[in-house]
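# Commentary on secondary and tertiary structure
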Amino acid sequence: RAVGDNCATPIDINIPSQLPYYEYGQTTCGRINDYSTTCLGSYDGGEDIIYRLNVSTEKWVTITMTTSVTWTGMAIFNGCPDVGTCLEYVTGSAAGTRVIANRILYPGNTYYLMMDTYPSPTCISLFDLSIVDATPVFTPITTFPFITGYEGGTLPAQFTPLIASNCNYDIAGAAAA
């Protein structure tokens with residue numbers, strides 16, 4: 001079996017040391033359909049490819065697969081796709097990009113990334129993969145009162161009105177999300 005064919009021989013990516021990670025001109029063709037009962041549903045009926053993400057430091061990432069092939073999907077698992085839990089997936093019938101955005105990966109965990117396709121076409125003849133750092137930037141509040149606008153938006157549940165006019169709000173104590 002070739003590297004990437006299944007969980008016994010995955011393509012290893014070390015996070016964060018190999019970020020940003022780019023791989024161009026990859027294929028699932030000739031790799032066999034090893035995993036066909038995953039969260040991808042009908043999109044795991046073609047030949048698949050497996051990447052193993054070895055995480056040494058907590059990291060937020062965005063994973064993007066770009067292809068001109070139709071009927072493709074991508075999923076991330078906390079174990080091999082046949083035994084692990086599906087954490088997130090994306091599928092689509094049109095050619096284009098599949099994105100798993102702002103996914104946090106924790107140190108000491110091993111994640112598996114699978115690209116697959118609907119049974120027709122039987123494989124993804126060509127795709128590009130990118131995994132990039134998506135660590136959010138938090139700006140601390142240093143001046144009080146802190147004033148911000150939420151025009152047309154929905155306030156988080158922790159915001160409660162201080163007065164009947166709903167113009168001023170207090171933030172109820174809550175754990176950080």
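Everything that follows concerns the structure shown earlier in this document.
Described below are features of the structure shown in this document. Here the structure is a predicted model, which is why all the values come from computation and not from measurement. (Residues numbered from 1 in each chain as written. Predicted model: local features only at pLDDT ≥ 70, side-chain atom pairs only at ≥ 80, totals over all residues. Heavy atoms only, no water.)

The next thing to look at is the pairing of strand β9 (residues 127-133). Pairing of strand β2 (residues 21-26) with β9, which is carried by four bridges, proceeds in the antiparallel orientation. For Q26, the partnering residue across the bridge sits in β9 and is F127. (Pairing = 2+ DSSP bridges. Helix = DSSP H or I, 4+ residues; strand = E, 2+ residues; numbered from the N terminus.)

Counting residues in each nonpolar core, the largest one holds 24 residues, and the members touching the most others are Y51, L53, I63, L113, M115, L129 and I131. Looking at this core, the elements that each hand over two or more residues are β1 (11-15), β3 (49-55), β4 (59-67), β5 (72-77), β7 (96-105), β8 (110-117) and β9. Dropping the residues within four chain positions of it, I131 is found in contact with I13, I15, L19, P20, Y21, L53, V61, T62, I63 and L113. Among the nonpolar cores identified, the runner-up in size contains 10 residues, and L40, I50, A75 and M114 belong to it. (Core = buried A, V, L, I, M, F, W, Y, C linked by side-chain atoms within 4.5 Å. Buried < 20%, exposed > 50% of the residue type's maximum accessible area, 1.4 Å probe, protein only. Contact = heavy atoms within 4.5 Å.)

In this section: the pattern of salt bridges. Applying the stated criterion across every chain, the model contains four salt bridges. Taking the shortest distance from any N to any O, the salt bridge between K59 and D133 comes out at 3.1 Å. Of this pair, K59 sits in strand β4 while D133 is found in strand β9, placing the two residues 74 residues apart along the sequence. (Salt bridge = Lys/Arg side-chain N within 4 Å of Asp/Glu carboxyl O.)

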